[in-house]
Amino acid sequence: MKVKVFVQWLPFESVVMSSLTKIETIKEFGGYLNRYQHQSDICQCQMTFSVYLPPQAQREKVPVVYWLSGLTCTDDNVRTKAGAQRYAAELGIALVMPDTSPRGENVSDEPERYDLGKGAGFYVNATVEPWAQHYQMYDYVTRELPELVEAELPIVPGVKSITGHSMGGHGALICGLRESGAYRSVSAFSPICHPTICGWGEGCFGAYLGNDQKDWKQYDATELVKNGAEPIPLLIDQGTADEFLADQLHPKALLDACSERDFPIELRMQDGYDHSYHFISTFIGEHLAYHAKALKG
């Protein structure tokens, strides 16, 4: 007699999974939105991140899209505002949503500023104290976090894509451009495309990396394309009514750099849309379908 075994997911409670502590579980669209905490060796503090596991993950391992959030955000913004879980369930892909910076009482911060310190990790590896001890977000996102989720969750090893918004869009672009072959696809919403020439980037790069602007270019998507990054198709959505478009985001600089190298990029200027999650939720389904095609193709 054949016996079918079904996975019974645990209700909301704290569950220790070797390296991870599950602190929240919410059922959505047949899958589960989970929240985890763990002690990060790279950031030297406790980190929190969310994962949406689609219903398919109860039967088999699934590919994953990493979402990097923007300034002032935590992992909570995208999972409550973007409407991404519905599409992820239909497409059979997991979503991993990390925090934007280290957290904790001993983590350095500039409380009077929203664009430096906690909530503003900028996805770089800081080299200047006091930031260097904890602010290692590039290595956290590209190395420690993927290794952890692939080891502990039903995620297909090495089959991943990346996207994000604003500061997180910058993060997605630099990860895709620097980590050759690591991601199947890359996209971004309203990314900071040329941070070495905008106020947000100058403020964070100067604090985290020091005053030598040569060190900044390794975290600038436009400079990476100019300096020979291996081509990977880039999909970018940008609202024309975005209040940060002119001063902070500079998508034309990236477009021009890509044009000079015949680098594959699709920049979609979306008429009348702003910088908010209203914009993101309008097009998130298209982005996830784009990534699902690359992940499963």
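See the structure above.
Read on for a plain summary of the structure. (Residues numbered from 1 in each chain as written. Predicted model: local features only at pLDDT ≥ 70, side-chain atom pairs only at ≥ 80, totals over all residues. Heavy atoms only, no water.)

## Things to note about the packing of helix α2 (residues 84-91) against helix α9 (residues 277-296)
α9 packs onto α2 with a crossing angle of 30° between their chain directions and a minimal axis gap of 9 Å. By the angle class used here, α2 and α9 are roughly parallel. Crossing handedness for the pair α2 and α9: right-handed. Residue-level contacts link A84, Y87, A88 and L91 of α2 to I284, G285, L288, A289, A292 and K296 of α9. In terms of residue class, the contact of α2 with α9 is built from eight nonpolar, one polar and one charged. (Axes fitted to C-alpha atoms, helices over the stretch in contact; angles between N-to-C directions. Helix = DSSP H or I, 4+ residues; strand = E, 2+ residues; numbered from the N terminus. Parallel < 35°, antiparallel > 145°, perpendicular 65-115°, else oblique. Left-handed = near helix turned anticlockwise from the far one by under 90°. Contact = heavy atoms within 4.5 Å. Nonpolar A, V, L, I, M, F, W, Y, C, P; charged D, E, K, R; others polar.)

## A word on the nonpolar core
Core analysis: the biggest nonpolar cluster contains 67 residues, and F49, F122, I162, L173 and Y208 have the highest contact counts within it. Residue contributions to this core peak at seven residues, all from helix α3 (residues 137-152). Grouped together as the second largest cluster of nonpolar side chains are 22 residues, V65, W67, F189 and Y277 included. (Core = buried A, V, L, I, M, F, W, Y, C linked by side-chain atoms within 4.5 Å. Buried < 20%, exposed > 50% of the residue type's maximum accessible area, 1.4 Å probe, protein only.)

## As for the pattern of salt bridges
Tallying each qualifying case throughout the model produces 11 salt bridges. Close ionic contact of E286 with R268 constitutes a salt bridge, the shortest N to O distance being 2.9 Å. In this pair, E286 is assigned in helix α9 and R268 in strand β10 (residues 265-270), connecting sequence segments 18 residues apart. Residues participating in the shared-partner salt-bridge network are E24, D76 and R79. (Salt bridge = Lys/Arg side-chain N within 4 Å of Asp/Glu carboxyl O.)

## Remarks on the environment of L245
By the element assignment, L245 lies in helix α7 (residues 245-249). Linking L245 and V107, residues 138 residues apart in sequence, is a C-alpha distance of 31 Å. Excluding its chain neighbours within four sequence positions, the residues that come into contact with L245 are Q238, G239, T240, H250, P251 and M269.

## Observations concerning the packing of aromatic side chains
For the coordinates displayed, the defined rule picks out 14 aromatic pairs. Centre to centre, the rings of W131 and Y135 are 5.2 Å apart; their planes meet at 85°, and the pair counts as edge-to-face. With respect to burial, W131 and Y135 carry one shared label: buried. Centre to centre, the rings of Y135 and Y208 are 5.4 Å apart; their planes meet at 25°, and the pair counts as stacked. Here the residue Y135 occupies a position in the loop between β6 (94-98) and α3, and Y208 occupies one in helix α5 (residues 199-209), the gap between them amounting to 73 residues. For the pair formed by Y135 and Y208, the shared burial category is buried. Among the aromatic side chains, those forming a connected cluster through ring pairs are W67, F189, Y273, Y277, F279 and F283. (Phe/Tyr/Trp six-rings, centres within 6.5 Å; stacked < 30°, edge-to-face > 60°.)

## A short note on unusual backbone geometry
Comment: phi is negative for the bulk of residues other than glycine, and the bulk of peptide bonds are trans. Put simply, E129 and P130 share a cis peptide bond, and its omega is 5°. One can find P130 in the loop between β6 and α3. Phi is positive for F122, which is not a glycine, with a value near 60°.

## With respect to α2
Those residues of α2 that sit buried are A84, Q85, A88 and A89. The arc that holds the buried residues of α2, viewed along the axis, is 135°, so those residues lie on one side. The elements touched by buried residues of α2 are β2 (20-28), β3 (31-40), β4 (45-53), α1 (76-81), β6 and α9. In the segment just after α2, G92 is the residue with positive phi, at about 75°. (Arc of directions from axis to C-beta.)

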